[in-house]
Amino acid sequence: MSEMVVTVAVVLGTVFGLLSAVGILRMPDVYIRLQVASKASSLGIALLMVGVAAHFGRLDVTIRALLVVVFLFLTAPVAAHLIGRAAYLMGVPLAEGSKPDDLAGRYDRATGELAGPGPDPERAEPVRKGLRSDEATSGGPTVSS
Amino acid sequence: MNIADGVLDPIIGAALLAMAISLIITFYRIVRGPSLMDRVVALELTASLVAGIVAIYAIGTDEPALIDVAIALALVAFLSAVAFAHYAERTTQR
């Protein structure tokens, strides 16, 4: 019984590891690759740790395997967010087909903070005005300086 | 160091082989990757895959102490990803 659990967990975890590698090879964009790498590999490691816990069946090993899983699930989204933010601030281009770039023109590239719509943070309208920056700059009641 | 009972043995071998293939694919992305951030993402995935290999090897050799290696590896990988992102962001904006 426990051997079957170990087998299923190891096979599934390996499949997810292989899928994340294929995804990081095939996906067209840094941001999409980030999704694949963080999520699929987290799930793969979690399944492998389930296999480890089921194989040994001891309390201390189970606690350590659980510690790995908890730590991974806490840190992988944080690391993915930081890497994606750094990539966007570095100006890594999006893939060809990905159309709505909601952050276009919203980042103040000097300080790295989210500014208001448009390049000028002085006349900051509410951010919800228009979803895209070209709407916000052309449609809104902009004061011509 | 007894390899686990019979049935598990070829599965462990096949899993290690598949993880090695994944590592080779990820290494191709590190070499190729058009931007620096592609390489950082691939490095983080490499650390995760090596942690998975350590876990599989711990099952295969019945050695529970190897789980500590996976814990340390996950810690160091997170720290390196955060440091990479921080300094890459810091060097581009001025």
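What you see is a predicted model, and the numbers here were worked out from it, not measured in a lab. (Residues numbered from 1 in each chain as written. Chains lettered and ligands numbered in written order. Predicted model: local features only at pLDDT ≥ 70, side-chain atom pairs only at ≥ 80, totals over all residues.)

### Some details on the confidence of the model for chain A
Piece 1. Overall, the prediction assigns chain A a mean pLDDT of 78, with 72% of residues at 70 or greater.
Piece 2. No element of chain A has a lower mean pLDDT than helix α4 (residues 133-139) of chain A, at 42, and none a higher one than helix α1 (residues 2-26) of chain A, at 92. (pLDDT = per-residue confidence, 0-100. Helix = DSSP H or I, 4+ residues; strand = E, 2+ residues; numbered from the N terminus.)

### Description of the packing of helix α3 (residues 59-90) of chain A against helix α2 (residues 36-61) of chain B
A pair of packed helices is characterised by two quantities: the angle between their axes and the separation of those axes.
Piece 1. Contact geometry of α3(A) with α2(B) gives a least axis separation of 10 Å together with a crossing angle of 170°. Judged by the angle between their axes, α3(A) and α2(B) are roughly antiparallel. When you trace α3(A) past α2(B), the crossing you get is left-handed. Where α3(A) abuts α2(B), its residues A:A79, A:I83, A:A86, A:A87 and A:M90 lie against B:M37, B:V40, B:V41 and B:E44. (Axes fitted to C-alpha atoms, helices over the stretch in contact; angles between N-to-C directions. Parallel < 35°, antiparallel > 145°, perpendicular 65-115°, else oblique. Left-handed = near helix turned anticlockwise from the far one by under 90°. Contact = placed C-beta atoms within 7 Å.)

### Observations concerning the environment of A:R33
Piece 1. Along the chain, A:R33 falls in helix α2 (residues 30-56).
Piece 2. Not counting residues within four places of it along the chain, the set of residues in contact with A:R33 comprises A:I24, A:M27, B:D38 and B:V41.

### What about unusual backbone geometry?
Residues and elements named next belong to chain B.
Piece 1. A positive phi angle, near 60°, is found at D62, a position not held by glycine.
Piece 2. Along the chain, the position of D62 falls in the loop between α2 and α3 (66-92).
Piece 3. By the C-beta count within 10 Å, which is 13 here, D62 ends up partly exposed. (Buried ≥ 20, exposed ≤ 12 C-beta atoms within 10 Å, placed from the backbone.)

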